[in-house]
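Structural description and commentary
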Amino acid sequence: MKKEDKVYLLLFLFAFVLFLSVLWLVFSVPTIEYSGFALDSAGNIYLGKDGGTIQVVDPSGAELRRFSATTSRGYNFTIKDDQVLVSHWPYIVTLDLYGNEITREDLTDIDYSLFPKYSKYKFTDADGTLYRIKLLQFRTKIYRCTENGDVCIFKMPLRDLLKKSMFIGCVPLINVLVFVGLLLVYRPKKPKTTGNASVF
């Protein structure tokens, strides 16, 4: 096999793997940043996921359940008295800890500036303990703030971290692939030389 053919084969394999990666990302809805977080009285962590889903994990990080945030658009949420409060204009929806709707308020006629906006980066539980979400070393983590310093209670699962890395890395990889492809297609061809030398 010619060297040029090997390059084209490698490019094809690279493009095929990239195509499969993009398909996986499209259908699995990668989480780039959590849409807020909160904790219930049992210490379970509720994570806002892209696509309008709230994921519940126990303190060890094992998934317990998922339920709809009642919208596929942007939303804010928190937990108060072991009830999930989700705000997305023009509604404030109260859910139980399993995602069952309890109440829904239509706030269309209320000044938007008065609409409650819960913090995506911190949460205070019923005991007054503060929790913060941080992005460190590319991996999202949640910390409990104590007098003796911050204690990590949650790390983004490796599966989400992999999808996040692939999602962010796909754009430059596609650019590299296009650039190399164009370089190979439009590179100047060397003029053919004959074995006969001209005599002057």
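Residues numbered from 1 in each chain as written. Predicted model: local features only at pLDDT ≥ 70, side-chain atom pairs only at ≥ 80, totals over all residues. Heavy atoms only, no water.

Right, let's get into the overall build of the protein chain. Each helix and strand counted, the protein chain has two helices and twelve strands in total. In the protein chain, the succession of helices and strands from N to C terminus is α-β-β-β-β-β-β-β-β-β-β-β-β-α. Taken across its 200 residues, the protein chain has 33% of its residues classed as buried. Residue pairs at least 24 apart in sequence account for 37% of intrachain contacts in the protein chain once pairs closer than 6 positions are excluded. Accessible area for the protein chain stands at about 13300 Å²; split by element, carbon and sulfur atoms hold 60% of it. (Helix = DSSP H or I, 4+ residues; strand = E, 2+ residues; numbered from the N terminus. Buried < 20%, exposed > 50% of the residue type's maximum accessible area, 1.4 Å probe, protein only. Contact = heavy atoms within 4.5 Å. Areas by Shrake-Rupley, 256 points an atom, 1.4 Å probe, with all protein chains shown as cover.)

Here we take up the packing of aromatic side chains. Scanning the model with the defined rule gives five aromatic pairs in all. Seen from their ring centres, Phe-37 and Phe-123 are 6.4 Å apart, and the 65° between their planes marks the pair as edge-to-face. Of this pair, Phe-37 sits in strand β1 (residues 37–39) while Phe-123 sits in strand β9 (residues 122–124), placing them 86 residues apart in sequence. Three or more aromatic residues joined by ring pairs make a cluster, and in this case those are Phe-37, Phe-123 and Tyr-131. When the ring centre of Tyr-98 is taken as reference, the NZ or CZ atom of Arg-65 above it lies at 4.0 Å. (Phe/Tyr/Trp six-rings, centres within 6.5 Å; stacked < 30°, edge-to-face > 60°. Lys NZ or Arg CZ within 6 Å of the ring centre and 35° of its normal.)

Attention shifts here to unusual backbone geometry. Following Trp-89, the chain continues to Pro-90 via a peptide bond in cis, the omega torsion being 5°. Note that Pro-90 resides in the loop between β6 (83–88) and β7 (91–95). In the Ramachandran plot, Thr-70 falls in the positive-phi region, its phi being about 70° despite a non-glycine side chain. With respect to the helices and strands, the residue Thr-70 is situated in the loop between β4 (63–68) and β5 (76–80). Positive phi is not limited to glycine here, since Asp-82 has a value of about 55°.

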